[in-house]
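# Coordinate inspection notes
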Amino acid sequence: MPTEFISLTFANASTELNPIPGAGIDPAYLVRYAQNLDDYQFNYTLVPYGSSSYDPFTIGATIAAATKKLKIIIALRPNTLYPTVAAKALATLDQLSSGRAVVHFIAGGSDAEQAKEGDFLPKDQRYARLEEYIRILRRAWQSPDPFDWDGKFYQFKQFSNHVRPVNGTGIPVSVGGSSEEAYRIGGALADIFGLWGEPLKETKEQIDRIYQAAAEAGRPDSDRPRIWVTFRPIIAQTDELAWHKAYRTLDILKANQAPISGGGNKPSDSKAPQVQAPTPQNVGSQRLLEIASRGDVHDRALWYPTVTATNARGASTALVGSPQTIAGSILDYVDLGAELISIRGYDNLNDAIDYGRYVLPKVRSALQERENKGPDSA
């Protein structure tokens, strides 16, 4: 399948560099952002989930109404919605968007975050619940015939789903993570597997592990998960200008973290005691921090100080360089097997426009040139 591009959804103009305290949904901004993604031929947008954030389904329906081709990935934690309800909700969005719905499952990497919404299962059981959840959804989408379920986490009788996916059989399922349980469940059940940006060597090792899990589950090579890798590109006209921009970005990230990690009231409160941020519980963030400890720059343009500045909070690895350098870096990951590339910056709307103007066309042009030359041109 062709290489496709993903961006994160932003519901207002607040950014990590210029946060707007207490910002709510700005409907005009949300629509403008989504329409720019559509216009610049991004393929997907991920609607994120947080225990204190907005409802992804409502945001997703708004995006669907404002766009023509953009696919909507709904981030979903199984503890927040019963699987029979989720099957109908996702199929409803799929119908409203004419077949553009995708779901990205989050098992839950933080006990504290899960507890905020009443979920006290340990992590291994959260993954077991996720596996059961996906199997229920797949069955509910496959046929409108009533069925019973008697599992460890869910039990019901004679559920029938008459809200059918547009294709009649299902909606693409994405799973992410860096733990063995994530690899096992994603390899066995996912259509898409999401990874955070790591160096090429480590990314290849993760892809191999996912493919191995798919094979162990009996899936042929033609049916294994598509690989999704996420980066935070920092681009400028030249590599030199991009690196200047990267260090300016890093300074602002550090300043904006200071009131949180140091306990001060403002970034300049240098006398406030510096408190070491706790080690993240999720394996993905731990991996990023370990890689960051080995050096700042990896491979062609992968930059890790943004990881340490944010304590590996979410997708935080940057690619730094000119559009040509960024495109070349993305192609390195495509050559490893990544078919979906998620890119979002630090100036959300303007960066998405820049990527659409200067990066996506270069990647697609290079891939088209390879295709024209034949299979040995990579």
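Basis of the calculations
- Each chain carries its own residue numbering, running from 1 in the direction its sequence is written.
- Per-residue local features are limited, in this predicted model, to residues with pLDDT of at least 70; the limit for side-chain atom pairs, both in listing and counting, is 80 or more; totals at the level of whole chains, interfaces and linings are taken over all residues.
- Excluding hydrogens and water, the side-chain figures rest on all heavy atoms present in the structure.
- A cavity here means a set of 1 Å grid points, computed over protein atoms only, where a 1.4 Å probe fits but cannot escape. A pocket is an open set with protein on both sides within 12 Å along at least 5 of 7 lines, and lining residues have an atom within 4 Å of a point.
- Grid points are joined across faces, edges and corners, and a volume is the space filled by probe spheres set on the points.
- Each residue is assigned to one class: nonpolar for Ala, Val, Leu, Ile, Met, Phe, Trp, Tyr, Cys and Pro, charged for Asp, Glu, Lys and Arg, and polar for all the others, Gly among them.
- Numbering goes from the N terminus for both helices and strands, where a helix is a DSSP run of H or I of at least four residues and a strand is a run of E of at least two.
- A 1.4 Å probe rolled over the protein chains alone gives each residue an accessible area, and that area as a share of the maximum for its type sets the label: buried under 20%, exposed over 50%, partly exposed in between.
- Two strands form a pair only when DSSP identifies at least two bridges running between them.
- When the strands point away from the viewer and the path from the first strand over the helix to the second turns clockwise, the crossover is right-handed.
- Salt bridges are defined by distance alone: a side-chain nitrogen of Lys or Arg within 4 Å of a carboxyl oxygen of Asp or Glu.
- A score from 0 to 100, pLDDT tells how confident the predictor is in each residue.
- Any two residues whose heavy atoms approach within 4.5 Å at even a single point are treated as in contact.
- Interaxial angles span 0 to 180 degrees and are taken between N-to-C directions of axes, which are lines fitted to C-alpha atoms, for helices over the stretch in contact.
- In what follows, roughly perpendicular refers to angles from 65 to 115 degrees, roughly parallel to angles under 35, roughly antiparallel to angles over 145, and oblique to any angle outside these ranges.
- Handedness of a helix crossing follows the sense of rotation of the near helix relative to the far helix, less than a right angle counterclockwise being left-handed and clockwise being right-handed.

Below, the discussion takes up the layout of surface pockets. Quantified by volume, the second largest pocket comes out at close to 430 Å³. Around the second largest pocket, the lining comprises 24 residues; the ones closest to its centre are Met 1, Tyr 44, Pro 172, Asp 191 and Arg 226. Looking at the lining of the second largest pocket residue by residue, the classes come out as 10 nonpolar, four polar and 10 charged.

Under the definition given, this model contains one cavity of 30 Å³ or more. Considering only enclosed or pocket space, the largest cavity measures out at about 30 Å³ in volume. The wall of the largest cavity is formed by Leu 200, His 298, Asp 299, Arg 300, Ala 301, Leu 302, Leu 319, Ser 329, Asp 332 and Tyr 333. It is helix H11 (residues 323-336) that contributes the most residues to the lining of the largest cavity, three residues altogether.

Moving on to the environment of Pro 48. Here Pro 48 is to be found in the loop between strand E2 (44-47) and helix H2 (56-66). Exposure remark for Pro 48: the relative accessible area of 23% places this residue in the partly exposed category. Separated by 167 residues in the primary sequence, Pro 48 and Ala 215 have C-alpha atoms spaced 30 Å apart.

With that out of the way, let us pick up the pairing of strand E4 (residues 101-105). Counting buried positions along E4 gives five out of five residues, so the element sits mostly inside the fold. Residues Ala 101, Val 103 and Phe 105 of E4 are buried on one face, and the alternating residues Val 102 and His 104, pointing to the opposite face, are buried as well. Two elements, strand E3 (residues 71-76) and E4, share five bridges in a ladder whose sense is parallel. Directly across from Ile 73, in E4, lies its bridge partner Val 102. The parallel pair E3 and E4, bridged by helix H3 (residues 83-96), forms a crossover whose chirality is right-handed. The pairing of E4 with strand E7 (residues 173-176) spans three bridges and is classified as parallel. Bridge pairing links His 104 to Ser 174 in E7.

This part takes up the pattern of salt bridges. With the rule as written, the count across this model stands at 25 salt bridges. For Arg 219, the salt bridge is made with Asp 223, and the minimal N-O distance between the two is 3.2 Å. Since its relative accessible area comes to 12%, Arg 219 is described here as buried. Among the residues examined, Asp 223 registers a relative accessible area of 39% and is labelled partly exposed.

This part covers the confidence of the model for the protein chain. Averaged over all residues, the pLDDT of the protein chain is 93; the fraction at 70 or higher stands at 94%. Scored below 50 in pLDDT, residues 260-274 shows 17 contacts in the model against residues more than four places distant or in partner chains.

With that settled, the discussion passes to the packing of helix H6 (residues 180-189) against helix H7 (residues 200-216). Here H6 crosses H7 at 50 degrees, and the two axes come no closer than 7 Å. Between H6 and H7, the angle falls in the class oblique. H6 and H7 meet at a crossing whose hand is right-handed. Only Gln 206, Arg 209, Ile 210, Ala 213 and Ala 214 of H7 make contact with H6, whose side of the interface consists of Glu 180, Tyr 183, Arg 184 and Gly 187. For the contact of H6 with H7, the class distribution of residues is four nonpolar, two polar and three charged.

For the pair helix H1 (residues 27-39) and H2, the least separation of the axes is 9 Å and the interaxial angle reads 55 degrees. The pairing of H1 with H2 is recorded here as oblique in orientation. As for how H1 packs across H2, the hand of that crossing is right-handed. Listed contacts from H2 to Leu 30, Val 31, Ala 34 and Gln 35 of H1 are Ile 59, Thr 62, Ile 63 and Ala 66. A class-by-class count of the residues in the contact of H1 with H2 yields six nonpolar, two polar and no charged.

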